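Coordinate analysis (summary)
The chain contents come next:
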Amino acid sequence: MSPRSLLIALGADHGGFVLKDRLAAALIEAGHQVMDFGTDGPASVDYPDFANAVCDAVAQMRADYGILVCGTGIGMSIAANRHPAIRCALVHDVTTARLTRAHNDANMLALGARVIGEEVALDILKTFLATPFEGGRHERRLAKLNPAPETTP
């Protein structure tokens, strides 16, 4: 998946735990480390709890990237993007996985287990982790997402 070993934080709600577990297995098989924040079963849970745990790990640089899975990926991506240090992309194909890393330097990925199949999700994950940020003109744009606070003279 990636030329170097990464530490990936994973989280899912009841709609995404099966796909999360499959992604975790693929990551481990590829030589990466996984921090699994749950959930681990079909009992109804609140997705923001799991999104927040993964976001904290990424924001505090305890993990290189975060992967969130729910039924559609929408709820997880909304919850994640409330955190200033997070750039979470809801992705449905390898093209947007590549572009969100190359142009947006996304540090988290949201996937919808009820929207995409397992093989597509695995291809997305592989592409996301293998694509470097291009920098250049994109750096200026990213700086505008979280501008430095203005100081009063």
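Note that the structure is a prediction, hence the values are computed from the model and not measured.

Within the protein chain, the regular secondary structure consists of 6 helices and 5 strands. Tracing the protein chain from N to C terminus, the helices and strands come up as β-α-β-α-β-α-β-α-β-α-α. Taking 15 Å as the expected radius of gyration for a compact globule of 153 residues, we find that the protein chain reaches 15 Å, a close match to that expectation. Burial analysis of the protein chain (153 residues in total) assigns 46% to the buried set. Counting every atom, the protein chain has about 7900 Å² of accessible surface; 53% of that belongs to carbon and sulfur. The protein chain carries 14 positive and 17 negative side-chain charges, and their two centres are separated by 8 Å.

Bringing the pattern of salt bridges into the picture now. One pass over the structure, following the stated rule, counts 6 salt bridges. Among the ionic pairs, D36 bridges to K20, the shortest N-O distance being 2.8 Å. Here the residue D36 occupies a position in strand β2 (residues 33-36), and K20 occupies one in helix α1 (residues 17-29), the gap between them amounting to 16 residues. Residue K20 is classed as buried on the basis of its relative accessible area, which comes to 0%.

Once that is clear, we can look at the pairing of strand β5 (residues 108-112). Here β5 lies mainly inside the structure; 5 of its 5 residues are buried. Judged by which residues are buried, β5 turns out to be covered on both faces: M108, A110 and G112 on one side and L109 and L111 on the other are all buried. Both strand β3 (residues 65-70) and β5 contribute to a ladder of 5 bridges, which runs parallel. Bridged to I67 within β5 is L109. Bridge count for strand β4 (residues 88-90) against β5 is 3 bridges, and the pairing is parallel. Following the sheet pairing, L90 is matched in β5 by A110. Assessed by its sense of winding, the connection that carries the chain from β4 through helix α4 (residues 94-104) to β5 is right-handed.

The 5 strands lie next to each other as β2-β1-β3-β5-β4, forming an open sheet whose pairing is parallel. At either end of the open sheet lies a strand with only one pairing partner, and these are β2 and β4. Across this sheet, the average inter-strand angle for adjacent strands is 25 degrees, counted without regard to direction. Across the sheet, helix α2 (residues 47-59) touches β1 (7-12), β2, β3 and β5, and the angle it forms with β3 is around 170 degrees.

Across all of its chains, the model carries 1 aromatic pair by this definition. Between the aromatic rings of Y65 and F128, the centroid separation amounts to 5.5 Å while the plane-to-plane angle is 75 degrees, which identifies the pairing as edge-to-face. Of this pair, Y65 sits in strand β3 while F128 sits in helix α5 (residues 118-130), and the two are 63 residues apart along the sequence. Assessed through its relative accessible area of 0%, F128 is described here as buried.

Attention now moves to the nonpolar core. Within the largest apolar cluster, 25 residues are counted, with the highest numbers of intra-cluster contacts made by I8, L23, I67, L111 and L129. With 6 residues, the single largest contributor to this core is α5. Beyond its immediate chain neighbours, meaning those up to four positions away, I8 contacts L27, Q33, V34, M35, Y65, I67 and L129. Grouped together as the second largest cluster of nonpolar side chains are 18 residues, A9, C55, A80 and A110 included.

The rules we used
- Residues numbered from 1 in each chain as written.
- Predicted model: local features only at pLDDT ≥ 70, side-chain atom pairs only at ≥ 80, totals over all residues.
- Heavy atoms only, no water.
- Helix = DSSP H or I, 4+ residues; strand = E, 2+ residues; numbered from the N terminus.
- Rg over C-alpha atoms; globule rule 2.2 N^0.38 Å.
- Buried < 20%, exposed > 50% of the residue type's maximum accessible area, 1.4 Å probe, protein only.
- Areas by Shrake-Rupley, 256 points an atom, 1.4 Å probe, with all protein chains shown as cover.
- Lys, Arg positive; Asp, Glu negative; His and termini not counted.
- Charge placed at Lys NZ, Arg CZ, Asp CG, Glu CD.
- Salt bridge = Lys/Arg side-chain N within 4 Å of Asp/Glu carboxyl O.
- Pairing = 2+ DSSP bridges.
- Right-handed = clockwise from strand over helix to strand, strands pointing away.
- Axes fitted to C-alpha atoms, helices over the stretch in contact; angles between N-to-C directions.
- Contact = heavy atoms within 4.5 Å.
- Phe/Tyr/Trp six-rings, centres within 6.5 Å; stacked < 30°, edge-to-face > 60°.
- Core = buried A, V, L, I, M, F, W, Y, C linked by side-chain atoms within 4.5 Å.

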